[in-house]
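Analysis of the macromolecular model
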Amino acid sequence: MKEFTQMTMKDIAAHFGTSVATVSRALKDSPRISVERRKAIQEFAREHNFCPNMIAESLRNSKVMQPKIIGVIIPEFAHYFFSTVLAGIEEKAREHGYRIMVAQSGESYENEVKICQSFFENKVCGIIVSQAKDTTNYDHFIRLIESGVPLVFYDRICTGVEASRVVVDDYKGAFTAVEHMISTGCKRIAFFGSPMTLEISKNRFNGYKDALLKHGLTIEQTLTRFCDNRADAEVITPEIMKKGDHPDAFFAVNDDTAIGIMYAVKRLGYKIPADISICGFTNGQRAIACDPMLTTVEQRGHKVGEEAADILINQVEGHTPNGKVERRIVKTRLVIRGTTKEVK
């Protein structure tokens, strides 16, 4: 697959051994640059299909507002959390006169790269993105930034990319949830999470681990599984429960996984929460549509979307200095329902 390889002003400057500012002036046909130099830079830019993001630049330098479109990349439309984030982004964007262009990566790195390329070619004034699960190469994000496209990550962030981001307090959310189950008498709590290449997975696992350590409980490798969807949970849970030393509680990385655990446990004849406690992470509509209703950590996706859009719009309109990286954390809340016991 073709990688995102758009020529940047930085590349042109390096070729000519000059500054990005000089390249910018030459491309704008500034008389401050010699005619010969201007022509050489402009010709090189044309030959290499250089396509500057003029919308963001015009918004920064002119009171005349150009068409304002924000590109949004979400991993899955069907996921409740991402749909609420999208709603938050759209509402904040509309308040400020922006429209959004939305694309789904389908948890695919290759799709994500193509979407970034498409957004760039369509000259969106900025991009808000949650990375795909299998993304481990971040060159396409770096190239966007180098091309002058404001970029804001939400939920799943790339720690190797210097860009603004909005996350929920995954560590505190997980810690609070696991500590709550411990306070009800649970002692062998399993963890079902996403791959540790994702920061949210690391943070939620660390919250789980630290809650156990705080209360003197053992962290057992056999109770830690990579499982982040309902289908897998319904397969993996019986394997764990059929062992003699099975867990008395589960903490899941999202509600769908937690619900998969719940149905698997119930089919095995266990009672919830009398025999097994379960806690999820999202607080979507499915959490109140199951029986019993699910104890879960509320992510507040709408707030995440609002904050991400606010950061991006401030960058595009020049209210935030170029190069400034903002980091915002949205607090979580434990919603206690019927899948966990009462505190002893």
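In the block above lies the structure referred to throughout.
What comes next concerns the included structure.

1. A closer look at the overall build of the chain
Counting its regular elements, the chain contains twelve helices and twelve strands. In terms of its C-alpha atoms, the chain occupies a principal-axis envelope of roughly 80 × 35 × 30 Å. The contacts in the chain between residues at least 6 apart in sequence include a share of 73% that link residues at least 24 apart. With 46 positive and 43 negative side-chain charges, the chain shows a spacing of 3 Å between the two charge centroids.

2. Things to note about the sheet that holds strand β10 (residues 295–298)
The mixed open sheet is built from six strands, whose spatial order is β7-β6-β8-β9-β10-β12. Looking at the sheet topology across the chains shown, the edges are occupied by β7 (224–226) and β12 (333–335). Between one strand and the next, the sheet's axes are offset by a mean angle of 20°, whatever the strand orientation. Here four bridges tie strand β6 (residues 189–193) to strand β8 (residues 249–252), and the two strands are oriented parallel to one another.

3. Details of helix α7 (residues 139–146)
Every buried residue of α7 is listed here: H140, F141, R143 and L144. Across the axial projection of α7, the buried residues extend over an arc of 160°, all falling on one side. Close packing links the buried residues of α7 with α1 (9–16), α6 (109–121), β3 (126–129) and β4 (151–154). At the exit of α7 stands G148, carrying a positive phi of roughly 90°.

4. Structural notes on the packing of helix α8 (residues 170–183) against helix α9 (residues 199–214)
At a minimum axis separation of 7 Å, α8 and α9 run at an interaxial angle of 35°. Seen along the crossing, α8 lies across α9 with a hand that is right-handed. Contacts from D170, Y171, A174, F175, V178, E179 and I182 in α8 reach I200, N203, R204, N206, G207, Y208, D210, A211, L212 and K214 in α9. Considering only residue class, the contact of α8 with α9 consists of nine nonpolar, three polar and five charged.

5. With respect to unusual backbone geometry
With an omega dihedral of 5°, the bond running from I272 to P273 counts as a cis peptide bond. By secondary structure assignment, the location of P273 is in the loop between α11 (255–267) and β9 (277–282). The phi torsion at D155 lies on the positive side, around 60°, for a residue other than glycine. Topologically, D155 is positioned in the loop between β4 and β5 (164–168). D155 gets classed as buried once you look at its relative accessible area, which sits at 4%. The residue R300 is not glycine, and still its phi comes out positive at about 60°.

What counts and how
Every chain is numbered independently, its residues counted from 1 as its sequence is written. Since the coordinates come from a predicted model, pLDDT governs what is reported: local features require at least 70, and pairs of side-chain atoms require 80 or more to be given and counted, while whole-chain, interface and lining totals use all residues. Computation of side-chain values: all heavy atoms of the structure, hydrogens and water removed. A run of H or I in DSSP counts as a helix once it spans at least four residues, and a run of E counts as a strand once it spans at least two, with each numbered from the N terminus. Contacts are residue-level and defined by heavy atoms, with any inter-residue pair within 4.5 Å sufficient. Two residue types count as positive, namely Lys and Arg, and two as negative, namely Asp and Glu; His and chain ends fall outside the count. A single reference atom marks each charge: NZ on Lys, CZ on Arg, CG on Asp, CD on Glu. A strand pair is defined by DSSP finding two or more bridges across the two strands. Think of each axis as a best-fit line through the C-alpha atoms, taken over the contacting stretch in the case of a helix, with angles from 0 to 180 degrees between the N-to-C directions. Each residue gets one of three labels from its accessible area relative to the maximum for its type: buried under 20%, exposed over 50%, partly exposed in between, using a 1.4 Å probe on protein chains only. The arc in question is the one traced by the directions running from the helix axis out to the C-beta atoms. The crossing is said to be left-handed when, going from far helix to near helix, the turn is anticlockwise and less than a right angle, and right-handed when the turn is clockwise. Three residue categories are used. Nonpolar comprises Ala, Val, Leu, Ile, Met, Phe, Trp, Tyr, Cys and Pro, charged comprises Asp, Glu, Lys and Arg, and polar comprises the others, including Gly.

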